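Examining the three-dimensional arrangement
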Amino acid sequence: MAESFQERLERVQAQIAAASERAGRDPSGVTLVAVSKTHPPEAVREAAEAGLRVFGESRVQEAQAKIPQCPGHLSWHLVGHLQRNKAGLAASLFDLVHSVDSLRLLEALDRAAAEAGKTLPVLIEVNVSGERSKFGVAPEEVPALLQAANSLARVEVRGLMTMPPFTEDPEGARPFFRELRERRDAWCTELGIPLNELSMGMTHDLEIAVEEGATLVRVGTALFGERTAA
Ligand SMILES: *Cc1c(COP(=O)(O)O)cnc(C)c1O
């Protein structure tokens, strides 16, 4: 018989607990973001019935169609790349945007949040590896972006996100996760601001991410199974 959602969830929760213990962390400091992209509202409903509250989507339009068909008490995070012309929709649909990668996007989200009558929490996506194919802000540019964000009233930078290059062995991600945490610590001291959230780790490398300080892990495949569409 196929594994039930409950069984998959328990396995992911056990991974988070084990990695937290190894790092001397409280597992309640790690939020599981269930990445439901490509999966139908029924999958979200089943996950919500199992107790999950935080869901991640990659595409604004897919989320726009899906969210109204899901239970109303859930929290939705945008984890994928955001184009500036979709900032308005994103600001109204999501409770946290993980993927801010430019000042222009941050400014667009600030205006959109004002129009939606809300304050929008965001994370800055940092391209730690310097890989050209990856989205994200180069580490050298982050302090200026954080300072500019200070003058925007409707967006609140809560922390940082990164996607390491894929390596067969999840240990390959560790140096990138560690670098993000260390840079975060330095920027907090330097700029005198809190950056409490670190969004890092997916199905493949979530344990490494938790060991290195992740507060948000974005997990799709381990919860919902393989994606058939992109
Ligand atoms: C799809 C996606 C995830 C989830 O990936 P899995 O490997 O299925 O856990 C996490 N983060 C982002 C940004 C994604 O696009």
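For the structure itself, consult the block above.
Now for a quick tour of the structure. Owing to the predicted nature of the structure, the values given are computational and were not obtained by experimental measurement.

Some thoughts on the nonpolar core
If you look at the biggest cluster of nonpolar residues, it comprises 68 residues, and the most contacted ones within it are L109 and L223. If one sorts the elements of this core by residue count, helix α5 (residues 103-116) sits on top with six residues. The contact partners of L109, leaving out residues within four places of it in the chain, are L82, A87, V97, V100, L120, V122 and V155. If you look at the next biggest cluster of nonpolar residues, it comprises six residues, including V33, V54, L96 and L123.

Side note on the pattern of salt bridges
Pairs may arise between side chains of opposite charge once their charged atoms sit close together. Using the criterion set out here, one finds 13 salt bridges in the structure. One salt bridge in this structure joins R22 and E207, with 2.6 Å as the shortest N-O distance. A residue pair is termed long-range when its members are at least 10 positions apart, and R22 in helix α1 (residues 5-22) and E207 in helix α8 (residues 206-211) qualify at 185 residues. Taking the relative accessible area as the measure of exposure, R22 reaches 48% and is therefore partly exposed. What makes E207 partly exposed here is its relative accessible area of 24%.

Topic: helix α7 (residues 174-191)
For α7, which comprises 18 residues, the first-to-last C-alpha distance of 26 Å matches the rise-based estimate of 26 Å (1.5 Å per residue) to within 8%. Looking at α7, one finds that the buried residues are R174, F177, L180, R184, W187 and C188. At its buried positions, α7 is contacted by α6 (142-149), β6 (155-161), β7 (197-199) and α8. A positive phi of about 65 degrees marks G192, the residue just after α7.

Reading the values: the criteria
- Residues numbered from 1 in each chain as written.
- Predicted model: local features only at pLDDT ≥ 70, side-chain atom pairs only at ≥ 80, totals over all residues.
- Heavy atoms only, no water.
- Core = buried A, V, L, I, M, F, W, Y, C linked by side-chain atoms within 4.5 Å.
- Buried < 20%, exposed > 50% of the residue type's maximum accessible area, 1.4 Å probe, protein only.
- Helix = DSSP H or I, 4+ residues; strand = E, 2+ residues; numbered from the N terminus.
- Contact = heavy atoms within 4.5 Å.
- Salt bridge = Lys/Arg side-chain N within 4 Å of Asp/Glu carboxyl O.
- Expected span 1.5 Å × (residues − 1).

Purely geometric numbers; function is a separate question.
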